[in-house]
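Here are the chains, one letter per residue:
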Amino acid sequence: MSELDFEPFLLSFKLAGVTTFILFLIALPVSWWLSQTKCRCKPFVEAVVSLPIVLPPSVLGFYILYALSYNSPIGAFFDETFGIKLVFNFTGLVIASCFYSFPFMVQPLQGGFETLNKNMLEASYIAGKSKFQTLVFVALPNIKPALLTALIITFAHTVGEFGVVLMVGGSIAGETKVASVAIYEFVEIMDYTQAHIYSGIMLALSFSVLLGVYLFNLRHNKRIGVA
Amino acid sequence: MLDINITKTLQGSAGSMELDVNCAIEEHDFVAVSGPSGSGKTTFLRILAGLEEASGNIEVFGKSWLNAKKSLPPQKRGLGFVFQDYALFANMSVEENLLFANKDKELAKHLLALTELDELKAQLPNRLSGGQKQRVSLCRALMKRPQLLLMDEPLSALDPFMRTKLQQDILTLHKEFGTTTIMVSHDPSEIYRLANRVIELSHGKIIHDASPKEALLKTQGSQKFSLTGELLDIFKTDVIYVAIVAIGQQIVEIVLDENEAKSFQVGERVQVSTKAFSPSLSKV
């Protein structure tokens, strides 16, 4: 048995961490807006946000590849203006993951915001606080379980992605070869021992993360008296 | 002085309704707003607070809050609002709830002492009883020393004992802070104890505007007392008819003759009054 190579795992976690951070910043205003708006366009926006859940990763991957490749206007623009290539590298993976995991960040946050007592938010407005202050000091601290769920599920979902990553990133060691792709390759070359080790690690990590989330939610709900 | 002249179309369960309120309220008044549910009381209060849109004019102590050109957002109206369901910030302690509205530690201390909450100041709201929560909410509403205090059925979720205690707190604070107070309430004894004016709404319009005594005492002419209730049943015993009437939480029997019995229908609202005898009062 060869030395265990941790690079695909590190790459997976780096990708998931960066994606989660970026998505939190993007999804926070979107989910807050969705939870508060009475706009008629809300179902349309919700449908767009949720698309990546339903679409096969290959479809999503194909469109992203098509839109960001050097032959497309977007890809060409970034290449010529900033000298950044958007596919088959880590940047491309981050962009693809942000699309792929977007609903997993938006939906728990939106659900959390929607369960908040509207009067509590209004009490904050009457106390003179802006919408932004209300979001940061009243809304977010009162949806901690939903917030944690959103962060962890987004992180875990990005660690677990395969199809989109493979299509947009390929399998370049140290650049785009994440754990899920590495396992796929071990199986392809029939190195089941390595496939077992990698898969076992993924299984254990995923389970511990989820268990942690549910334990936290249980404790939090008991503390603020929901359950 | 408050000058209020607002209209808004409301969509209720019984179709659409026009809320049309036009009144002036003097400084330091304590006004009770009463009326059946769905008459627009809460919406009226929310429009005053800037939480709902409406057309018309609102002028409060010389400042325009609402006119054809603009509506001042709730953040800038500087009023106090007490919600029926307390609406405390669940993530903050009692003291933090007050300080979030205004970082005035002295005032927070004073208010908590007045309402006997100082020992609970480090507690989270979910540890408190309903009465305690509403006292916190009342204190929080006063942290900005508002000139105008709005309360939406603040005591309706509390038991009678707690109500009486909180009515006292409300009266103390209303006087100490010199607020002009508008409170939605259904409870006649509460209105009588606290308010100096009653505005009664029905289907979005003011149908009565009087002092609590005029508004609440239902006697007319030489009537000694008069109570309204719901006619539950009419039945015949021997030659007389007996009507059963529910008044508040109590049931009474009234003797009727045949003609009277035929003129009433079960389920009607009726008035029970007497002229000939003085009702007597004794301790229970």
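Residues numbered from 1 in each chain as written. Chains lettered and ligands numbered in written order. Predicted model: local features only at pLDDT ≥ 70, side-chain atom pairs only at ≥ 80, totals over all residues. Heavy atoms only, no water.

Trainee: With reference to specific residues and values, describe the overall build of chain A.
Mentor: Helix and strand counts for chain A stand at 11 helices and 0 strands. Mapped in sequence order, the helices and strands of chain A form the string α-α-α-α-α-α-α-α-α-α-α. For chain A, the spread of C-alpha atoms along the three principal axes comes to 65 × 45 × 30 Å. With 227 residues in all, chain A has 42% of them scored as buried. Within chain A, counting contacts between residues at least 6 apart in sequence, those at least 24 apart form 72% of the total. When the accessible surface of chain A is summed, it comes to about 11900 Å², and 71% of that surface belongs to carbon and sulfur atoms. Once the 13 positive and 13 negative side-chain charges of chain A are each reduced to a mean point, those two points are 22 Å apart. (Helix = DSSP H or I, 4+ residues; strand = E, 2+ residues; numbered from the N terminus. Buried < 20%, exposed > 50% of the residue type's maximum accessible area, 1.4 Å probe, protein only. Contact = heavy atoms within 4.5 Å. Areas by Shrake-Rupley, 256 points an atom, 1.4 Å probe, with all protein chains shown as cover. Lys, Arg positive; Asp, Glu negative; His and termini not counted. Charge placed at Lys NZ, Arg CZ, Asp CG, Glu CD.)

Trainee: Now, about the packing of helix H4 (residues 130-142) of chain B against helix H5 (residues 160-177) of chain B: what can you tell me, with residues and values included?
Mentor: Residues and elements named next belong to chain B. As a packed pair, H4 and H5 sit with axes 11 Å apart at the nearest point and diverge in direction by 10 degrees. When the axes of H4 and H5 are compared, the pair comes out roughly parallel. Between H4, through Gly131, Gln134, Arg135, Leu138 and Leu142, and H5, the contact on the second element is made entirely by Met162, Lys165, Leu166, Asp169, Ile170, Leu173 and Phe177. By residue class, the composition of the contact of H4 with H5 is 7 nonpolar, 2 polar and 3 charged. (Axes fitted to C-alpha atoms, helices over the stretch in contact; angles between N-to-C directions. Parallel < 35°, antiparallel > 145°, perpendicular 65-115°, else oblique. Nonpolar A, V, L, I, M, F, W, Y, C, P; charged D, E, K, R; others polar.)

Trainee: Before we move on, could you go through the nonpolar core and cite the residues and values that matter?
Mentor: Within soluble globular proteins, side chains that are nonpolar tend to cluster in buried spots. In terms of nonpolar packing, the biggest core is built from 69 residues, with Leu109 and Phe113 of chain A together with Leu150 and Ile182 of chain B touching the most fellow members. A total of 9 residues in this core trace back to one element, the largest contributor, which is helix H5 (residues 90-115) of chain A. Those residues in contact with Leu109 of chain A that lie beyond four places of it in its chain are Ala27, Leu28, Ser31, Ile143, Leu147 and Ala150 of chain A. (Core = buried A, V, L, I, M, F, W, Y, C linked by side-chain atoms within 4.5 Å.)

Trainee: An account of helix H2 (residues 94-101) of chain B is needed here, citing residue identities and associated values.
Mentor: Among the 8 residues of H2 of chain B, 6 are classified as buried, and the element is accordingly described as predominantly covered. Listed as buried for H2 of chain B are Val94, Asn97, Leu98, Leu99, Phe100 and Ala101 of chain B.

Trainee: Quick one: what's the story with the pattern of salt bridges, residue by residue and with numbers?
Mentor: Counting across every chain of the model gives 11 salt bridges over all chains. Lys42 of chain A is paired through a salt bridge with Glu114 of chain A; the nearest N and O atoms lie 3.4 Å apart. Residue Lys42 of chain A is located in helix H2 (residues 42-54), and its partner Glu114 of chain A is located in helix H5; the two are separated by 72 residues in the primary sequence. Notably, a salt bridge pairs Arg163 of chain B with Glu190 of chain B, separated by 3.9 Å at the nearest N-O pair. With Arg163 of chain B in helix H5 and Glu190 of chain B in helix H6 (residues 188-194), the pair connects residues that are 27 residues apart, well separated along the chain. Each member of the pair, Arg163 of chain B as well as Glu190 of chain B, is classed as buried. One network of salt bridges, with partners in common, ties together Glu122 of chain A together with Lys8, Arg46 and Glu52 of chain B. (Salt bridge = Lys/Arg side-chain N within 4 Å of Asp/Glu carboxyl O.)

Trainee: Explain helix H8 (residues 144-159) of chain A to me, using residue names and the numbers behind them.
Mentor: Here H8 of chain A spans 22 Å end to end across 16 residues, near enough to the 22 Å set by a 1.5 Å rise per residue. Of the positions making up H8 of chain A, those classed as buried are Pro145, Ala146, Leu147, Ala150, Thr154, His157, Thr158 and Val159 of chain A. (Expected span 1.5 Å × (residues − 1).)

Trainee: An account of the state of the cysteines is needed here, citing residue identities and associated values.
Mentor: Residue and element names in this part refer to chain A. For the coordinates displayed, the defined rule picks out 1 disulfide over all chains. Each sulfur in the disulfide pair Cys39 and Cys41 lies 2.5 Å from the other. Taking the sign of the torsion about the S-S bond as the criterion, the disulfide between Cys39 and Cys41, at about 120 degrees, is right-handed. (Disulfide = S-S within 2.5 Å.)

Trainee: So what's going on with the packing of aromatic side chains? Which residues, and what values?
Mentor: The geometry of two aromatic rings is summed up by the distance between their centres and the angle between their planes. Overall, the coordinates contain 14 aromatic pairs over all chains when judged by the stated rule. Relative to Phe82 of chain A, the ring of Phe77 of chain A has its centre 6.0 Å away and its plane inclined at 85 degrees; by these criteria the two rings are edge-to-face. A ring pair is formed by Phe89 of chain B and Phe100 of chain B, whose centres lie 5.0 Å apart and whose planes are at 75 degrees; its orientation type is edge-to-face. Of the two residues, Phe89 of chain B is situated in the loop between strand E6 (80-82) and H2 and Phe100 of chain B in helix H2; the sequence distance between them amounts to 11 residues. Looking at Phe89 of chain B, the relative accessible area reads 0%, which means it is buried. Taken together, the ring pairs connect Phe6, Phe9, Phe186 and Tyr198 of chain A into an aromatic cluster. (Phe/Tyr/Trp six-rings, centres within 6.5 Å; stacked < 30°, edge-to-face > 60°.)

Trainee: Outline the sheet that holds strand E11 (residues 225-237) of chain B, supporting the account with residue identities and numerical values.
Mentor: All names here are of chain B. Spatially, the 4 strands line up as an open sheet ordered E13-E12-E11-E14, and their pairing is antiparallel. Of all strands in the sheet, those with a lone pairing partner are strand E13 (250-256) and strand E14 (269-274), marking the two edges. Direction aside, the axes of adjacent strands within the sheet are offset by 50 degrees on average. (Pairing = 2+ DSSP bridges.)

Trainee: So what's going on with the side chain of Thr176 of chain A? Which residues, and what values?
Mentor: Residue and element names in this part refer to chain A. Within the secondary structure, Thr176 is located in the loop between helix H9 (163-169) and helix H10 (179-188). On the accessibility criterion, Thr176 (0% relative accessible area) is buried. With near-sequence residues (within four places) excluded, Thr176 lies in contact with Leu11, Phe88, Asn89, Phe90, Leu93, Val165, Gly169, Gly170 and Ser171.

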